[in-house]
Amino acid sequence: MRVLLALLFVSGWFTSGLAASRSDRPIVAFGDSYTEGTTARRSEAFPALMEASLGIPVVNAGRLGETAHEALPRLERDVLRHNPRLVIVEFGVNEAFRGDTVAEAAAGLDAILTRLAGIPVVLVGVHYAAFQENFDAALRDLSARHGTGLVLDAIAGLLDDAATTRDGYHPNAAGYRILEARIRPEVERVLALADRQA
């Protein structure tokens, strides 16, 4: 009987320890200005809003003006060192703004997703200029090949409405609230799936 109780105690401690270790690990949002929260306060960016919504730490690893290729060298420092529970990957607008091809943008994202193998990921796409249906198709292919969650055209309409943009290029605080609401359900779905498989 004492052995059984001891086993139950150890098993319960181990299980709760695993649960705690999962919940203590942060989500990392890795992206460009839409992740950083340009034109709004840091507390108004979607990573901060998602942290408040989910009750899970969310690290804001967004950087204004970056492409996926440019962000790759900081992946270890800004993402992997946090031992993330999940990573949100959001790039594409700067590639489109500079006139890169969809294939070039997809190659940069592919390199990031390859480095993130084994970590749950939600891939977030945006439409800008020529990056429309072809970019969506590339993101669907990347998501299928790497087994990620996927949110397409996450900023749809936000840059066309004065109520949700300050400069016509970035969301404002209201726009970032909508962006967070569009991304969060897929994050919740992928987290739940990862927890069931753990």
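Everything below is about the structure shown above.
Residues numbered from 1 in each chain as written. Predicted model: local features only at pLDDT ≥ 70, side-chain atom pairs only at ≥ 80, totals over all residues. Heavy atoms only, no water.

**Details of the pattern of salt bridges**
Should the charged atoms of two oppositely charged side chains come close, the side chains can pair. Summed over the entire model, instances satisfying the criterion amount to 11 salt bridges. A salt bridge links Glu66 to Arg74; the nearest nitrogen and oxygen atoms lie 2.8 Å apart. Take Glu66 and Arg74: they sit in the same class, and that class is buried. The partner of Asp78 in a salt bridge is Arg74, and the shortest N-O contact between them spans 2.8 Å. Pair check on accessibility: Asp78 and Arg74 agree, each one buried. Connected through shared salt-bridge partners, Arg63, Glu66, Arg74, Arg77 and Asp78 make up one network. (Salt bridge = Lys/Arg side-chain N within 4 Å of Asp/Glu carboxyl O. Buried < 20%, exposed > 50% of the residue type's maximum accessible area, 1.4 Å probe, protein only.)

**Considerations on the layout of surface pockets**
Gaps left between atoms show up when a probe the size of a water molecule is rolled over them. Considered as a void within the structure, the largest pocket measures approximately 390 Å³ in volume. Lining the largest pocket we find 21 residues, and of these Gly118, Ile119, Pro120, Val121 and Ala194 sit closest to its centre. Sort the elements by how many residues they give to the lining of the largest pocket and helix 9 (residues 173–197) lands first, with six residues. Class assignment of the residues belonging to the lining of the largest pocket gives a composition of 10 nonpolar, six polar and five charged. (1 Å grid on protein atoms, 1.4 Å probe; cavity = no way out; pocket = protein on both sides within 12 Å on 5 of 7 lines; lining within 4 Å. Points joined across faces, edges and corners; volume = space filled by probe spheres on them. Helix = DSSP H or I, 4+ residues; strand = E, 2+ residues; numbered from the N terminus. Nonpolar A, V, L, I, M, F, W, Y, C, P; charged D, E, K, R; others polar.)

**Focus on the packing of helix 7 (residues 102–115) against helix 8 (residues 133–146)**
Following both chains from N to C, one finds helix 7 and helix 8 inclined at 20 degrees, their axes separated by 10 Å at the closest point. The angle between helix 7 and helix 8 places the two elements in the roughly parallel class. Helix 8 is crossed by helix 7, and the crossing has right-handed handedness. Residue-level inspection shows Val102, Ala105, Ala106, Leu109, Asp110, Leu113 and Thr114 of helix 7 in contact with helix 8, the latter providing Asn134, Phe135, Ala138, Leu139, Leu142, Arg145 and His146. Split into classes, the residues belonging to the contact of helix 7 with helix 8 amount to nine nonpolar, three polar and two charged. (Axes fitted to C-alpha atoms, helices over the stretch in contact; angles between N-to-C directions. Parallel < 35°, antiparallel > 145°, perpendicular 65-115°, else oblique. Left-handed = near helix turned anticlockwise from the far one by under 90°. Contact = heavy atoms within 4.5 Å.)

**Remarks on the packing of aromatic side chains**
Scanning all chains against the criterion turns up two aromatic pairs. Ring geometry for Phe30 against Phe91: centres 5.3 Å apart, planes inclined by 80 degrees, an arrangement best described as edge-to-face. Of the two residues, Phe30 sits in strand 1 (residues 27–31) while Phe91 sits in the loop between strand 3 (86–90) and helix 6 (93–98), which places them 61 residues apart along the sequence. Classification of Phe91 by relative accessible area gives buried; the value is 1%. For the pair Phe97 and Tyr169, a centre-to-centre distance of 6.4 Å together with 85 degrees between the ring planes defines the contact as edge-to-face. Here Phe97 is found in helix 6, whereas its partner Tyr169 is found in the loop between strand 5 (149–151) and helix 9, with 72 residues between them in sequence. Taking relative accessible area as the criterion, Tyr169 reaches 45% and is therefore assigned partly exposed. (Phe/Tyr/Trp six-rings, centres within 6.5 Å; stacked < 30°, edge-to-face > 60°.)

**A few points about the nonpolar core**
Ranked by size, the top nonpolar core spans 27 residues in total, and within it Ile27, Met50, Leu86, Ile88, Leu179, Ile183 and Val187 carry the most contacts. Elements that contribute at least two residues to this core include exactly strand 1, helix 3 (46–54), strand 3, helix 6, strand 4 (121–124) and helix 9. At six residues, helix 9 tops the list of elements feeding residues into this core. Non-local contacts of Ile88, meaning those with residues more than four positions away in its chain, are made with Ile27, Val28, Ala29, Phe30, Phe46, Met50, Val122, Val124, Ile183 and Val187. Counting 23 residues, the second largest nonpolar core, distinct from the first, contains Phe30, Ala61, Val87 and Val89. (Core = buried A, V, L, I, M, F, W, Y, C linked by side-chain atoms within 4.5 Å.)

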